[in-house]
Amino acid sequence: MNPMDILIQYWPRLLDGTLMTIKLTLLGALIAGMVSPFFALVRVHSSPIAQAPLRLYISFMRGTPILAQLFLIFYGSGQFRPFLQEWGLWAFFRDPFNCALLAFVLNSTAYQTEILRGGIMGVPQGEIEAAKAIGMSRARALRRVIFPHAYRIAWPALGNEVILLMKASALASIVTVFDLMGRTRQIFSRSFDFSVYLWAALIYLCITAIFVLLWHQSERRLSRHIDRPGKPRAHVPAKKETQA
Amino acid sequence: MFELFSYGDTGWGDEILRGLAITVQLAIVTLPVGLCLGFLAAFASKSKLSALRAIGFGYTTIMRGLPEILTLFVVYNGVGLLLNATLKWWNPDATFIDFSPFAAGVVALGMVFGAFAGEVLRGAFNSLDIGQTEAGRAIGMTDAQIFRRIQLPQLWRFALPGLGNLWINMLKDTALVSVIALSDLMRMTKVAVGVTKQPFTFYLAACLIYWAMCVLSEIVLARMERRANRGIRRA
């Protein structure tokens, strides 16, 4: 069959799958993004002993395949079915979408925490001291000085993480979530037309490209007070002062 | 619980270990394939010919943007179809041959590894000191000699951290081949789960094995990095 015919015949399914992929990715990234700042603060400030569980969690999430994590949650929850039913959680774990989302959130939280930790540690000490010197409370300094700058440093890496999550979301199709990959496999199993995979590839690339553009825009907006976009963000000492 | 993981007919220890062997084999076979593709991509994107540069850029950009599982399916289904179509055209009486899942895994994971490695190696090439290449040329070295004696040893040092990360990612991505019916660690775990009805126990065991492999890789890589940097004075 002509590749165009496949698209004409099956576009509603592909569109549906694409929306599901976007939904999974954005929800996963957002929920992980709400948790990770707190974890990142723990990673920066807590004593090594208090950090130990968090470090173990991050190491586990980074050291195991997402597919294995997904199976651990989706199939593994079945082993605790009576317990989960008693607590009224079974309805949650029975749904593959919830399990996939949970796996992606847990995974992305680990990565985002480490990225943000790098961002927080990259904030110049002088800024934090200045915030203290003008009498900001710890919470206010975090909100107004440390996190805005930390996010600006971490922004490109966070964008990469969202793209990685988008690619990983294709794994949800293996636990029967009908995302773009799931729809593609479904269409292939009916039509045996290989071109549907190429359409899926094109859609994935488009999602990535659009996301990269949007992310660049937001990065520019985050740095709009820095007058030379694209230049290193390290503060340049004013020449007159250093030579005086 | 431990008898579940014992050897022999009652336990699943030997099956899982056999799966692990496949996983390790797959990763080790894929590594040189991916590295070769990576070098080709890096050379292509540094080429003087704009067509080659475009191919290098297209390959690394497209492969990095696609989900690994999609690449795997495209290779597994697509190359199989292509192979059989070619065979049919060559010899109409040919019997249908199957593209082995192992080969599909090596090709797909190698292509993904190669795309990322191409970027890592390109970055490493760019951080080489151009003066050293010029010095090599000045004392009459051929391009091949310059590459082997001056560039490659330093390329190794610059690229090792990036390539190490890629190795760990690839090791984890091998789990995907279980979906195309290769009996790797993940697949054998699934088989064990099907019989014992203890999904959490077995998937957790699989996770722990992957985790151990990754931690071990990190330790070895840290040593290799130390060794690669042994001649460097820290600023």
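Computed from a predicted model, the values in this text were never measured in an experiment.

Draft legend 1. How the structure looks around the overall build of chain B. The helix and strand tally for chain B stands at 8 helices and 0 strands. Listing the helices and strands of chain B from first to last along the sequence gives α-α-α-α-α-α-α-α. Overall size of chain B, expressed as C-alpha extent along the three principal axes, is 70 × 55 × 25 Å. By residue count, 44% of the 235 residues in chain B fall in the buried class. Sequence-distant contacts in chain B: of pairs separated by 6 or more residues, those separated by 24 or more amount to 72%. Carbon together with sulfur atoms contributes 66% to the accessible area of chain B, which is approximately 12,700 Å² in total. Charged side chains of chain B number 21 positive and 15 negative; the gap between the two group centres comes to 12 Å.

Draft legend 2. Quick look at the packing of helix H1 (residues 13-45) of chain B against helix H4 (residues 101-126) of chain B. Residue and element names in this part refer to chain B. Contact geometry for H1 and H4: axes closest at 5 Å, N-to-C directions at 45°. As judged from the angle between their axes, H1 and H4 are oblique. Regarding H1 and H4, the two cross each other, and that crossing is right-handed. Grouping the amino acids of the contact of H1 with H4 by side-chain chemistry returns 19 nonpolar, 9 polar and 1 charged.

Draft legend 3. Fine view of the interface of chain B and chain A. Each partner contributes residues to the interface: chain B has 32 residues there, and chain A has 31 residues. A combined buried area of about 2,900 Å² lies between chain B and chain A, and 78% of that area is made up of carbon and sulfur atoms. The interface formed by chain B and chain A contains 1 salt bridge. Where lysine 167 of chain A meets glutamate 68 of chain B, a salt bridge forms, and the shortest distance between an N and an O atom there is 3.5 Å. Where chain B meets chain A, there are 8 residue pairs in polar contact (both at pLDDT 80 or more). At 10 residues, helix H8 (residues 199-228) of chain B tops the list of elements feeding residues into the side of chain B that touches chain A.

Reading the values: rules and limits
Think of each chain on its own: its residues are numbered from 1, step by step along the sequence as written. Whichever chain is written first is A, and whichever ligand is written first is 1; the rest continue in order. Totals for whole chains, interfaces and linings use all residues, but because this is a predicted model, local features are given only for residues with pLDDT of at least 70 and pairs of side-chain atoms are given and counted only at 80 or more. Neither water nor hydrogens contribute to the side-chain values; these are computed over all heavy atoms in the structure. Starting at the N terminus, helices and strands are each numbered in turn, a helix being any DSSP run of H or I of at least four residues and a strand any DSSP run of E of at least two. Burial classes follow relative accessibility: with a 1.4 Å probe on protein chains only, a residue under 20% of its type's maximum area counts as buried, one over 50% as exposed, and anything between as partly exposed. In what follows, a contact means two residues having at least one pair of non-hydrogen atoms within 4.5 Å. Working definition of accessibility: Shrake-Rupley area with a 1.4 Å probe, residue cover restricted to the visible protein chains. Just so you know, the count uses Lys and Arg for positive and Asp and Glu for negative, and it drops His and the chain ends. For the purpose of locating charges, the reference atoms are NZ of Lys, CZ of Arg, CG of Asp and CD of Glu. The axes are straight lines fitted to the C-alpha atoms, using for helices just the contacting stretch, and the angles between their N-to-C directions are given from 0 to 180°. By the definition adopted for this analysis, an angle is roughly parallel if under 35 degrees, roughly antiparallel if over 145, roughly perpendicular if from 65 to 115, and oblique otherwise. For a crossing to be left-handed, the near helix must be turned anticlockwise from the far one by less than a right angle; the clockwise case is right-handed. Basically, the charged four are Asp, Glu, Lys and Arg, the nonpolar ten are Ala, Val, Leu, Ile, Met, Phe, Trp, Tyr, Cys and Pro, and anything else, Gly included, counts as polar. Take the accessible area each of two parts loses on contact, using a 1.4 Å probe, and add the two losses: that sum is the buried area. Take a side-chain nitrogen of Lys or Arg and a carboxyl oxygen of Asp or Glu: if they are within 4 Å of each other, that pair is a salt bridge. Counting of polar contacts relies on pairs of N or O atoms within 3.5 Å, with two restrictions inside protein: one atom must be capable of donating a hydrogen and the other of accepting it, and residues adjacent in sequence are counted only when both atoms are side-chain atoms.

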